[in-house]
Amino acid sequence: METQQQSQETQVGSEFEREPVPKSALLGFKSFIGMYAGEHCAGTELMIGPLFVAAGVSAFDLIMGLLLGNALAVLSWMFLCAPIATRMRLTLYYQLEKICGRKLVTLYNLANGVMFCFLAGAMVTVSATAVGVWFNFRMPGLNDLYPNSVGWVIAVAVVGGLIAIVAAYGYQTVAKFANVAAPWMVLVFLAFGFVGLRQFIDATGSEVNSLGDVWELARTHIWKGGPPQEGQVKFTFWHVTFFAWFCNMAMHIGMSDLSVFRFAKKSWYGVASATGMYVGHFMAWISASILYAYQLHLDPADTNVLPGPLAFRACGLAGLLCVIIAGWTTANPTIYRAGLAFQAITPKSSRFKVTLITGAIATLAGMFPAIAMKLLDFVALYGLLLMPMGAVIFVDFWLIKKFGLQSNYAEISKKTFNWAAGLAWLVTLGICWSLVLAGVIQIYFVSLPGWFMAAVLYVVVSAIYQRKTYEVPLFRTISQLISWISLGVLILLGILFLAGSITLDQVKWLGIVVTIVWFVSASLWMWKDNNSE
């Protein structure tokens, strides 16, 4: 129940935005079970499930990968996020402000708000596919990047506009409605799976008398493996595992759910996230993927991933209502969250106006199907974007003092921009993204080494920054040397490519790494000179 989470934050959390949550406001275990079970059975599950089939996943890789990946996600909530949340009992944003400073948190809020807008846009896309069933206009295909019909644009504009207006006017009403609808939506998703399985049994003439027969049907007809569809990445066991683990990386490893678990009485309440992982990210994904696999079984040329038609074929009008409500009740709080992130940048702005503008941005994003059709990549990118700050919070809370350094440095030093945290975030993103673009590592896996990279960078740069090592003449001389070498390497890359010694892809990703080295090392000796001048 994503809306329940947001309701807790607005009704209770607003009183403790800049102070620890008192014991009188703490919540019991049942509150978190219900919240996570509903929050992760949302409209986007109807997109993610079919995309596994489009990626050519096999039955074993999907089932075992989801079991392991979701377990790792639950453990991340339990041992990374919840222990800090229940000790500090602060919101993510206030915790970051203490560590990073006001200006850096503002930059983080901007990035977070933009990603929320795109995520809400994908949810608007999901709801609009149900409208397409009623009005029978042309809808986007699996590999479409742009709107392909006037009807689609109008449908998204109407759906997105209504969601934005409701988010600005009647948030609490939708929150209550979503809490009522959540159990119904979960059971409709379960019905999708049962109906799809029965349809496969009838279409293939299979005899199912045991779980072994079900497995054989799944292995030979539903998740057959083989090459992915055109434009999709082939998914293996490890792809599924890491995606299930990292699709909510922003929440657990990225520490966004500090704002949720600060209300928990005990840190072990993090295990409540298992209800969301195994109801939404196991059962719902599997059910949605069965519906898409059946569509391909009927017509292999029909590769369109459209939740509306899939749900209508399985459960009729109830299925369409589930698609609309699932997209609406999850897009609404997502737009609300994005509006709050943007409003934190301009506190004097009207929340109503900011939320409407945010909804307009999300609606515009929803018109472009590339986000929804590439949702696996987008979710991985979202996690990557916020992951380094999660590493910063983890290190600052548990490890930084062991190195003789100060935690919550921005608060103590009165700095508005902690360069140690800023460089750990931006340099990690730059290096990870360059590795992805160069094809060295896929985006689904890069966040794991990226987390350790951000943690090490934060400690090293904090030592330099807090102890003012950058003012030592020898350190400045070494920084100068490294910066000039980086420029030399940049020229060398062009020469080596001209000579045919390296590829263009190598030039591109090495060029990004060298650029990062230049800006970091040059700033260490040029920045002070500029200030003195």
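Residues numbered from 1 in each chain as written. Predicted model: local features only at pLDDT ≥ 70, side-chain atom pairs only at ≥ 80, totals over all residues. Heavy atoms only, no water.

### Looking at the packing of aromatic side chains
Applying the stated criterion across every chain, the model contains 34 aromatic pairs. Their ring planes at 75° and their centres at 4.9 Å tell us that F237 and W238 sit as a pair that is edge-to-face. By way of ring pairs, the aromatic residues F29, F32, Y36, W77, F261, W268 and Y269 are connected into one cluster. (Phe/Tyr/Trp six-rings, centres within 6.5 Å; stacked < 30°, edge-to-face > 60°.)

### Let's talk about the nonpolar core
Core analysis: the largest hydrophobic core is formed by 166 residues, its most contacted members being W223, F243 and F261. Residues in contact with F243, not counting those within four places in the same chain, are I48, F52, F235, W285, L376, V379 and Y444. (Core = buried A, V, L, I, M, F, W, Y, C linked by side-chain atoms within 4.5 Å. Buried < 20%, exposed > 50% of the residue type's maximum accessible area, 1.4 Å probe, protein only. Contact = heavy atoms within 4.5 Å.)

### Section: the pattern of salt bridges
Pairing of side chains with opposite charge becomes possible as their charged atoms draw close. Under the definition given, this model contains 5 salt bridges. Ionic pairing is found between E97 and R102, a salt bridge with its closest N-O pair at 3.9 Å. What makes E97 buried here is its relative accessible area of 19%. The class of R102 is partly exposed, set by a relative accessible area of 34%. For the salt bridge of K98 with E411, the shortest nitrogen-to-oxygen distance reads 2.7 Å. With K98 in helix α5 (residues 92-100) and E411 in helix α17 (residues 409-413), this pair connects stretches of sequence that are 313 residues apart. (Salt bridge = Lys/Arg side-chain N within 4 Å of Asp/Glu carboxyl O. Helix = DSSP H or I, 4+ residues; strand = E, 2+ residues; numbered from the N terminus.)

### Side note on unusual backbone geometry
You will see that K414, though not glycine, has its phi angle at about 65°, which is positive. Relative to the assigned elements, K414 resides in the loop between α17 and α18 (419-437). The class of K414 is exposed, set by a relative accessible area of 69%. Phi at K468 is positive, roughly 55°, even though this residue is not glycine. Its place among the elements puts K468 in the loop between α19 (447-466) and α20 (473-498). Accessibility expressed as a relative area gives 44% for K468, which makes it partly exposed.

### Side note on α20
Since the α-helix turns once every 3.6 residues, residues separated by three or four places project in the same direction. The terminal C-alpha atoms of α20 lie 38 Å apart, and with 26 residues this matches the ideal 38 Å at 1.5 Å per residue to within 8%. When we look at burial in α20, the residues that qualify are F475, R476, S479, S483, S486 and L493. One or two steps after α20, the chain reaches G500, where phi turns positive at roughly 80°. (Expected span 1.5 Å × (residues − 1).)

### Concerning the packing of helix α12 (residues 273-298) against helix α13 (residues 307-345)
Between α12 and α13, the least distance of the axes is 10 Å, while the angle of their chain directions is 90°. As far as their axial angle goes, α13 and α12 are roughly perpendicular. From α12, L291, Y292, Y294, Q295 and L298 reach across to α13, where they touch L310, R313 and A314. Of the residues assigned to the contact of α12 with α13, the class counts are 6 nonpolar, 1 polar and 1 charged. (Axes fitted to C-alpha atoms, helices over the stretch in contact; angles between N-to-C directions. Parallel < 35°, antiparallel > 145°, perpendicular 65-115°, else oblique. Nonpolar A, V, L, I, M, F, W, Y, C, P; charged D, E, K, R; others polar.)

### Comments concerning the side chain of S287
On the secondary structure map, S287 appears in helix α12. For S287, a relative accessible area of 4% corresponds to the buried category. In contact with S287, other than residues within four places in its own chain, are F189, L190, F192 and G193.

### Regarding the confidence of the model for the protein chain
Interpreting fine coordinate detail is not advised for predicted regions of low pLDDT. Per-residue confidence for the protein chain averages 89 on the pLDDT scale, and 95% of its residues sit at or above 70. Considering only residues more than four positions removed or in separate chains, one finds that residues 1-14, a stretch of pLDDT under 50, has 56 contacts. Segment residues 529-533: pLDDT under 50, and 1 contact once partners within four positions in sequence are set aside and those in other chains are kept. (pLDDT = per-residue confidence, 0-100.)

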